[in-house]
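A structural walkthrough
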Amino acid sequence: MISSRIRTLVLVVVLLTGSSIVSSCVAPDDTSNLPKEDATTAAARKEMVGLSEADVRMCAGFPTATADAGGSQIWTYQRTVQRGNLNVVIPTLAVGAVPTVGGSLNVDPGGYCNTQIRMIDGHVAEVAYAGDNNTPNHRDALCVSTVDGCVAYARRRHQVRTGAVSR
């Protein structure tokens, strides 16, 4: 009776160990060193194309700056994200005149994003991003708040045009 329980336990341990070894050999989908582009900013590059100047003002507000660029206009939306951090205190024993040492670890990176929208003949032709706008897991992630409303706006307008509005 005890030997069958031991055999079962050994079998379970062998199966679990074997499956963890096999799963560690599987290559992940993305083996590049670069993080993936944020889904919303990637969608904005496609879905905002064709929106009118009035549409962009409705979904993103008025641009921070504009510039003429030889037959087109570039609208820039600037966004600054303050650096957030989590302070982790490293305790040590005070020995004589040596004080306690503390430290901090930055977990939530801040930065800035310049979302640039090229307008040709009064409509969006291109969306691009510039600045210190990446997070550890996604490229252009600090730009999401500028374009997320426009992506939703563009999707709603597309549904209305195609008659695919669900009620």
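Heads up: the structure comes first, above all this text.
In this text the structure is predicted, and so the values were computed from the model without any measurement.

Calculation notes
- Every chain's residues receive numbers from 1 upward, in the order its sequence appears when written.
- In keeping with the predicted nature of the model, local features appear solely for residues at pLDDT of at least 70, side-chain atom pairs appear and are counted solely at 80 or more, and the whole-chain, interface and lining totals rest on all residues.
- Hydrogens and water are ignored here; the side-chain numbers use all heavy atoms of the structure.
- The secondary structure listing takes helices from DSSP runs of H or I that are at least 4 residues long and strands from runs of E that are at least 2 residues long, numbered from the N terminus.
- When checking whether two residues touch, look at their non-hydrogen atoms; a contact exists if any pair is within 4.5 Å.
- The criterion for strand pairing is that DSSP finds at least two bridges linking the strands in question.
- Note on method: axes are straight lines fitted to C-alpha atoms, helices fitted across the in-contact stretch only, with angles between N-to-C directions ranging 0 to 180 degrees.
- Here a salt bridge means any side-chain nitrogen of Lys or Arg lying within 4 Å of a carboxyl oxygen belonging to Asp or Glu.
- The classification of residues rests on relative accessible area computed with a 1.4 Å probe and restricted to protein chains. Under 20% of the type maximum is buried, over 50% is exposed, and intermediate values are partly exposed.

**A look at the environment of A130**
One can find A130 in strand β7 (residues 123-130). Among residues more than four places away in sequence, those in contact with A130 are Y112, C113, N114 and Q116.

**Remarks on the sheet that holds strand β2 (residues 65-68)**
Read across the sheet, four strands follow the order β2-β3-β6-β7 without closing on themselves; strand pairing throughout is antiparallel. Here the strands that pair on one side only, and so sit at the sheet edges, are β2 and β7. Averaged over neighbouring strand pairs, the angle between their axes works out to 20° when direction is ignored. By the bridge criterion, nine bridges tie strand β3 (residues 73-81) to strand β6 (residues 111-120) in an arrangement that is antiparallel. Along β6, the bridge assignment pairs V81 with G111.

**Some details on the pattern of salt bridges**
For the structure on display, the rule yields six salt bridges. We note a salt bridge from R57 to E53, for which the minimum N-O separation is 3.9 Å. With a gap of four residues between them, R57 and E53 both fall in helix α3 (residues 53-60), about one helical turn apart. Looking at R57, the relative accessible area reads 33%, which means it is partly exposed.

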